[in-house]
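Fold and contact review
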Amino acid sequence: MYRTHTCGELRIADINKEITLAGWIQRIRDFGGMSFIDLRDRYGITQLVVDENTDKTIVEQLEELGREFVIQAKGLVRERSSKNTKIPTGEIEIALTEIKVLSPSEVPPFTIQDDTDGGDDLRMKYRYLDLRRNVVRKNLVLRSKMAHAVRTYLNAQDFIETETPVLIKSTPEGARDFVVPSRMNPGEFYALPQSPQTFKQLLMVAGFDRYYQIVKCFRDEDLRADRQPEFTQIDCEMSFVDQKDVLNMFEGLTKYMFKETLNVDVDDFPWMPYSEAIEKYGSDKPDTRFEMLINNITDLVKGNNFVVFDSAEYVGAICAKGCADYSRKQLDGLTKWVQRPQIGAKGLVYVKCNKDGSFKSSVDKFYSQDDLKVWAEKVDAKAGDLILVMSGEKDHIQGAIGELRLEMGNQLGLRDKNIFKPLWVVDFPLLEWDEESQRFHAMHHPFTSPKVEDIKLMDTEPGKVRANAYDLVINGVEIGGGSVRIFDSELQAKMFKLLGFTKEEAQAQFGFLMNAFKYGAPPHAGIAFGFDRLVSLFAGLDTIRDVIAFPKNNAGRDIMIDSPSVIAEAQLEELNLKLDLKEKE
RNA sequence: GGUGGCGUAGUUCAGUUGGUUAGAAUGCCGGCCUGUCACGCCGGAGGUCGCGAGUUCGAGUCUCGUCGUCACCGCCA
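Residues numbered from 1 in each chain as written. Chains lettered and ligands numbered in written order. Predicted model: local features only at pLDDT ≥ 70, side-chain atom pairs only at ≥ 80, totals over all residues. Heavy atoms only, no water.

Examining the overall build of chain A
Secondary structure summary: chain A contains 17 helices and 22 strands in total. Dimensions of chain A along its principal axes, counting C-alpha atoms only, are 90 × 75 × 55 Å. Relative to its full complement of 585 residues, chain A shows a buried share of 48%. Taking as baseline every contact in chain A between residues at least 6 positions apart, the subset at least 24 positions apart corresponds to 66%. Summed over all atoms, the accessible surface of chain A reaches about 30300 Å², with 50% contributed by carbon and sulfur. With 76 positive and 93 negative side-chain charges, chain A shows a spacing of 2 Å between the two charge centroids. (Helix = DSSP H or I, 4+ residues; strand = E, 2+ residues; numbered from the N terminus. Buried < 20%, exposed > 50% of the residue type's maximum accessible area, 1.4 Å probe, protein only. Contact = heavy atoms within 4.5 Å. Areas by Shrake-Rupley, 256 points an atom, 1.4 Å probe, with all protein chains shown as cover. Lys, Arg positive; Asp, Glu negative; His and termini not counted. Charge placed at Lys NZ, Arg CZ, Asp CG, Glu CD.)

Section: the sheet that holds strand 13 (residues 314-320)
Strand order in the open sheet made by the 5 strands is 12-13-16-14-15, with antiparallel pairing throughout. What marks the edges here is a single partner per strand, and that holds for strand 12 (295-296) and strand 15 (359-361). Here strand 13 runs beside strand 16 (residues 386-392); their pairing, made up of 7 bridges, is antiparallel. Note that in strand 16 the partner of alanine 317 across the bridge is valine 389. Its contacts with the sheet place helix 11 (residues 369-378) against strand 12, strand 14 (349-353), strand 15 and strand 16, and it is angled at close to 95 degrees to strand 15. (Pairing = 2+ DSSP bridges. Axes fitted to C-alpha atoms, helices over the stretch in contact; angles between N-to-C directions.)

Brief notes about the packing of helix 7 (residues 274-281) against helix 12 (residues 394-411)
The geometry of helix 7 relative to helix 12 is characterised by a closest axis approach of 8 Å and an angle of 65 degrees between their N-to-C directions. Considering their axes alone, helix 7 and helix 12 lie roughly perpendicular with respect to each other. Here helix 7 contributes Ile278, Glu279 and Tyr281 to the contact with helix 12, which in turn contributes Lys394, Gln398, Gly402 and Arg405. (Parallel < 35°, antiparallel > 145°, perpendicular 65-115°, else oblique.)

As for helix 12
Between its first and last C-alpha atoms helix 12 spans 25 Å; for 18 residues at 1.5 Å apiece the expected length is 26 Å, and the two agree. Residues of helix 12 that are buried include every one of Ile397, Gln398, Ala400, Ile401, Gly402, Leu404, Arg405, Glu407, Met408 and Gly409, and no others. Once helix 12 ends, the next one or two residues include glycine 413, with phi positive near 65 degrees. (Expected span 1.5 Å × (residues − 1).)

Concerning the state of the cysteines
If you walk through the whole model with that rule in mind, you get 0 disulfides. Its sulfur unpaired, cysteine 217 is 12 Å from the next cysteine sulfur, which belongs to cysteine 236. Cysteine 353 takes part in no disulfide bond, and the closest cysteine sulfur to it belongs to cysteine 319, at a distance of 6.5 Å. (Disulfide = S-S within 2.5 Å.)

Here's the deal with the domain arrangement of chain A
Frequently, the measure chosen for interface size is the accessible area that the parts lose on association. As assigned here, chain A comprises domain 1 (12-103), domain 2 (145-272 + 423-547) and domain 3 (290-415). Placing the centre of domain 1 and that of domain 3 at their C-alpha centroids yields a distance of 63 Å. (Domains from an automatic or database assignment.)

Below, the structure written as structure tokens:
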């Protein structure tokens, strides 16, 4: 036995016990005549002491020790003469009687402390050292607890946890696939799943009734702080349910996770139609922690010879509370901010609602005090508030002013990480027009059912068909989404036709699913949560990297193991592959 | 594919208008120190200023390219 206790458990009640600890040396404080060693493991830190009573050989051994050495230490627990109230073991220390180096350590490239001196690159390269730090490990402990809560809740609701294959088939819809060459089937490839979508529907046909899985998914697209090429979903499907049943079940799961892991009670989740989210928040994932809703003032601003507004399809405004005293510099800063290519607005019009009831705007030349008063009433602006107005093409400006709203929320400190505001966004469009390929794409996926009352529109105005599709959004983060599925092979065929598949293509790609539907498919619906995002939201982080033990960087590289990498010529040959690398221009 | 930030000691950063020998903190090494817990004090070592070209009498500093990294846009059903 290497140890009798962990480094986090000894207390004043353990005084005079002969104990053995094992762990990493956090720090040595050498006083010449005496020394202190902080010994660390996952559970905490315990102080070891060497003084005049300690065996001389131990004093000599001490010279060899350094940070991050793994040692085994035997000694007597005793009360400290000067206590440290900052740590749980701070009332005791270990008078050493024996010390053994289990494993020496080179000087680590950065300090293993909460406030490390290491930068992101270095910490990623030595991820196993970074994971020794409390602040990093605690995120993975939270992740473990949340996964446990998911299983506890769904098992209690009679869900069956089922694994689905990882080597599957490439499909044309959705994200780019990661592919895996098949040695036994020359020239053919597996794909890694973007999600277990079709398999979980087949499990419903199989009568499983309730399925879930905490499962890796893979998408070969460009990355972000909240997107990794491999990520984890809480994937679920249910039979004989409608949309409300699914939302209630997973609202229950979400509340359970908040309560179990953060001890937070959240309100019932409001349902917001997609159209309302776009209209009021300029986003399909609204941050409802604060108001500052977008108002459509297009009709109020026309006919004053202000050509920018007169020619605009849409004019939107938000009201920033208490910002009437923004300086010229601040307003210029906001204007520059919206003119960045990422937002792409031409400009920004402001109206200051002064304390004395007058208005000062950047368009005073065109609009009277009375005109501006009408605007202020429309956007519910009071004295002391600042109205920000953007105009242009409707879809673009709604999104842009939505971004401005979030930026103002940041500046005003309205996006508190300790407040959680979940909601369901419902009634998504079934299809969206893709300019590039000049055809409709499924907004959610091709198995999403249209709303019954909208089916008749499928032939006439496909773009207006609403789907039985829903997203869970918390604090402006898209946590998950799902839909009621098509379970009728004829309706599914119609859907494929709308998506531009020929009968033959549909049969080749998804024939297995349509065939399955011929043998008694139950009505079914499902949902999937992005587990990494949910954990990072709970942990108050902006990136999912810190809730993944071994994440990849912006370019999809693992800089610790240095992947991806080239493979041996023999491997290529075995797979019947030849490389044809494009020369860089 | 695009836009922007960053790249200087082991590490995190500073470095003025282009000008002599590139600094600080921390870490590391050595010395002193019996109650520290971010110990303290004294001393020391440590640099291909990412890489390559260019402008210039002179480049860490300016220009172009390139590589790495981060954030965002496109993309991600």
